[in-house]
Amino acid sequence: MSYKKLRVIISGGGTGGHIFPAISIAGKLREANPDTEILFVGAEGKMEMEKVPAAGYEIMGLPIAGLQRQLSRENILNNLRVPVKVANSLRQAGRILDRFKPDVAIGVGGYASAPLLWQATRRRIPALIQEQNGFAGLTNKILGRRVQCICVAYDGMERFFPADKIVFSGNPIRPEIHPYTEADRAEGIRFYGLDPDKRHLFVVGGSLGAGTLNRAMRAWIEAGCPGGGDVEVLWQCGRYYKQGIDEFMAGRELPQIHYTDFIGRMDLAYACSDVLVSRAGASSVSEICAAHKAAVFVPSPNVAEDHQTHNAMALVRKDAALIVRDDQAAEALLPTALELLGDPERIRRIEENVAPLARLDAAGTIVDEVYKLV
């Protein structure tokens, strides 16, 4: 296929699970034709306004916000402002489209994708959305009736979208995530200062951290790390929780526990781990599949339509992962992970089952669909 120069708007964000796939798609578009012009549109005050420029792309912000589900005086006041913010965002999105004149619009989920894709489809600009999760969100279900192509990462998405628009692409992931060799494992062990003769558990809560995973780790440490005699733990506690974990760990002599707020080399952390403990966001699940790793998922209950449970169960049903409920994690998470660590045969079976679920060139598939549209 010949890849001509395009003008592309990519809209969405709010979390890394939306932003990093968007950046991966942009990178593939630039690989296809380095002269392609790309403009991101995000939500003011959200993390995409920092992460996208850091990746080398221009971004414009909309004053969009979503409804807050928890009842409080502040949330009620914020919710009363939402209709005004939506109307302003629709107007601004229209002006951005009229000025930039894109050949195609791509939505990756998050607040900003709704007004941008709505206005793009009103102007008959070819449009594509990428649904990362196994349970489609309300915004994408509405947009799915208006766009020409819907790229998905899970089977059975005909429940939410017109079947003739669906393309199974997988989720775009960071290009450095891939199946690892023994040489990669050795490099990761050296990088993180681990003992090559021990088994390694990677507990990853994301850049902000996951309170449930941190509480489970604290409970296990307070109990004396039962069952962890030959185990080293690489623990990403997240910057939100770092100070509290520092205070908790002060005075404890636990050289087998390596904790940090941020993991700069996720590729090496994956490479040196035998088992992972993780939330079940779409990007995390896709990266674990691409790395061919055995994981214990703890789906967050604080997400729309409980989509993390749907993401995790897509693997669990194929014996390609384990799952522990959030409300059972304090007692069950570490025992479950350590039991798996002690069963190399089961780890091998899970790794074999997760490997076929990987989609290593999802971004390339999406870019092919973009060019088919234009």
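On a predicted model such as this, the values are computed, not experimentally measured, just so you know.

**Brief notes about the overall build of the protein**
Right, on to step 1. Summing up its helical and strand segments, the protein has 14 helices and 13 strands in all.
Right, on to step 2. What you see for the protein is a C-alpha radius of gyration of 21 Å, in line with the 21 Å of a compact globule of 374 residues.
Right, on to step 3. Summarising its shape, the C-alpha atoms of the protein cover approximately 65 × 55 × 35 Å along the three principal directions.
Right, on to step 4. For the protein, buried positions account for 51% of its 374 residues.
Right, on to step 5. Sequence separation of 24 or more characterises 66% of the internal contacts of the protein that already satisfy a separation of 6 or more.
Right, on to step 6. Surface accessibility of the protein: about 16,900 Å² in total, with carbon and sulfur atoms responsible for 50%.

**Brief notes about the layout of surface pockets**
Right, on to step 1. Considered as a void within the structure, the second largest pocket measures approximately 430 Å³ in volume.
Right, on to step 2. Contributing to the lining of the second largest pocket are 20 residues, with A153, Y154, D155, F168 and A314 lying nearest its centre.
Right, on to step 3. When residues of the lining of the second largest pocket are traced back to their parent elements, those giving at least two are α10 (282–291) and α11 (307–316).
Right, on to step 4. Within the lining of the second largest pocket, the residues separate by chemical class into 10 nonpolar, five polar and five charged.

**Section: the nonpolar core**
Right, on to step 1. Judged by nonpolar contacts, the single largest core of 61 residues is most densely connected at F297 and L315.
Right, on to step 2. Excluding its chain neighbours within four sequence positions, the residues that come into contact with L315 are V285, C289, F297, A320, A321, V354 and L357.
Right, on to step 3. The next biggest cluster of nonpolar side chains, apart from the first, holds 34 residues, and it includes W220, C225, V296 and A329.

**Some details on the side chain of S24**
Right, on to step 1. One can find S24 in helix α1 (residues 16–32).
Right, on to step 2. Those residues within four positions of S24 in sequence are excluded, and the remaining contacts are P172, I173, R174 and A363.

Calculation notes
- Residues numbered from 1 in each chain as written.
- Predicted model: local features only at pLDDT ≥ 70, side-chain atom pairs only at ≥ 80, totals over all residues.
- Heavy atoms only, no water.
- Helix = DSSP H or I, 4+ residues; strand = E, 2+ residues; numbered from the N terminus.
- Rg over C-alpha atoms; globule rule 2.2 N^0.38 Å.
- Buried < 20%, exposed > 50% of the residue type's maximum accessible area, 1.4 Å probe, protein only.
- Contact = heavy atoms within 4.5 Å.
- Areas by Shrake-Rupley, 256 points an atom, 1.4 Å probe, with all protein chains shown as cover.
- 1 Å grid on protein atoms, 1.4 Å probe; cavity = no way out; pocket = protein on both sides within 12 Å on 5 of 7 lines; lining within 4 Å.
- Points joined across faces, edges and corners; volume = space filled by probe spheres on them.
- Nonpolar A, V, L, I, M, F, W, Y, C, P; charged D, E, K, R; others polar.
- Core = buried A, V, L, I, M, F, W, Y, C linked by side-chain atoms within 4.5 Å.

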